[in-house]
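Given next are the chains, with one letter for each unit.
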Amino acid sequence: MCGICGELRFDGQSPDMAAIGHMSDQLARRGPDHAGTYSDGPLAFGHRRLSIIDLSSHAHQPMVDATLQLTLVFNGTLYNYRELRTELQSQGYQFFSNGDSEVILKAYHAWGQQCVTRFKGMFAFAIWDQRSSQLFLARDRFGIKPLYLTQACHRLRFASSLPALLAAGG
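Residues numbered from 1 in each chain as written. Predicted model: local features only at pLDDT ≥ 70, side-chain atom pairs only at ≥ 80, totals over all residues. Heavy atoms only, no water.

J.: I'd love a proper account of the environment of Ile-104, names of residues and values included.
T.: Tracing the backbone through its elements, the reader meets Ile-104 in helix α3 (residues 101–111). Remark: the alpha-carbon pair of Ile-104 and Val-73, spanning 31 residues in sequence, is separated by 9.9 Å. Setting aside its immediate chain neighbours within four residues, Ile-104 contacts Leu-72, Phe-74, Leu-78, Phe-119, Phe-125 and Ile-127. (Helix = DSSP H or I, 4+ residues; strand = E, 2+ residues; numbered from the N terminus. Contact = heavy atoms within 4.5 Å.)

Structure, rendered in structure tokens:
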């Protein structure tokens, strides 16, 4: 299990990195192996990693694919990631890690939001598209991996747990 959190501002202000830190701290037990943050303009991500598939630092998150200009935070497991990886490689995609996280990034680039229809597993994730400044949030069909949201007039926050979301304040 991992933990994800983030904030997207609608008012042109920078995200509250202290709030991201508080949410991430609340998620520490979900991912003791690595903690990371990312920010770009109106968006910030936090991630707590529990290393299971790819134990290397190449799979740390937030995962940034500089070539595709996409960033991911992910909680869960894609059971069919090997098959999807092979399909994406046949389309010319190259991978820098060996786990399922990067498959989500490449799949989103290849198939857009419809990528989730190809995923078999339990997941909640957020992808930031740096080119379009758009945030895409998704979770598995049954909600096995939680994704909690709160929206105020000037921001959207999300997290893997309610205590994490509440820790951000507001």
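J.: Please set out the nonpolar core residue by residue, giving values where relevant.
T.: Ile-104, Phe-119 and Phe-125 are the most contacted members of the largest nonpolar core, which has 24 residues in total. Elements with a contribution of two residues or more to this core: β5 (70–78), α2 (81–90), α3, β6 (121–129) and β7 (134–139). In this structure, Phe-125 is in contact with Ile-4, Leu-72, Val-73, Phe-74, Ile-104, Val-116, Phe-119, Phe-136, Leu-137 and Ala-138, ignoring residues within four places of it in sequence. In this structure, Leu-8, Tyr-38, Ala-124 and Leu-147 belong to the second largest nonpolar core, which totals 11 residues. (Core = buried A, V, L, I, M, F, W, Y, C linked by side-chain atoms within 4.5 Å. Buried < 20%, exposed > 50% of the residue type's maximum accessible area, 1.4 Å probe, protein only.)

J.: Account for the side chain of Asp-65, naming residues and giving values.
T.: Checked against the element boundaries, Asp-65 lands in strand β4 (residues 63–65). Within the structure, the side chain of Asp-65 is placed 3.0 Å from the backbone nitrogen of Leu-68, a separation counted as a polar contact. (Polar contact = N/O pair within 3.5 Å; in protein donor to acceptor, adjacent residues only side chain to side chain.)

J.: Residues and numbers for the sheet that holds β6, please.
T.: Here 4 strands make up an open sheet; going across it, the order is β4-β5-β6-β7 and the pairing antiparallel. Looking along the sheet, the strands with just one partner apiece sit at the ends: β4 and β7. Going from strand to strand, the sheet's axes swing by 20° on average, the running direction of each strand aside. Where β4 meets β5, 3 bridges bridge the pair, whose relative direction is antiparallel. If you follow Val-64 over to β5, its bridge partner there is Thr-71. Together, β4, β5, β6 and β7 form the strand contacts of α3, whose direction differs from that of β5 by roughly 120°. (Pairing = 2+ DSSP bridges. Axes fitted to C-alpha atoms, helices over the stretch in contact; angles between N-to-C directions.)

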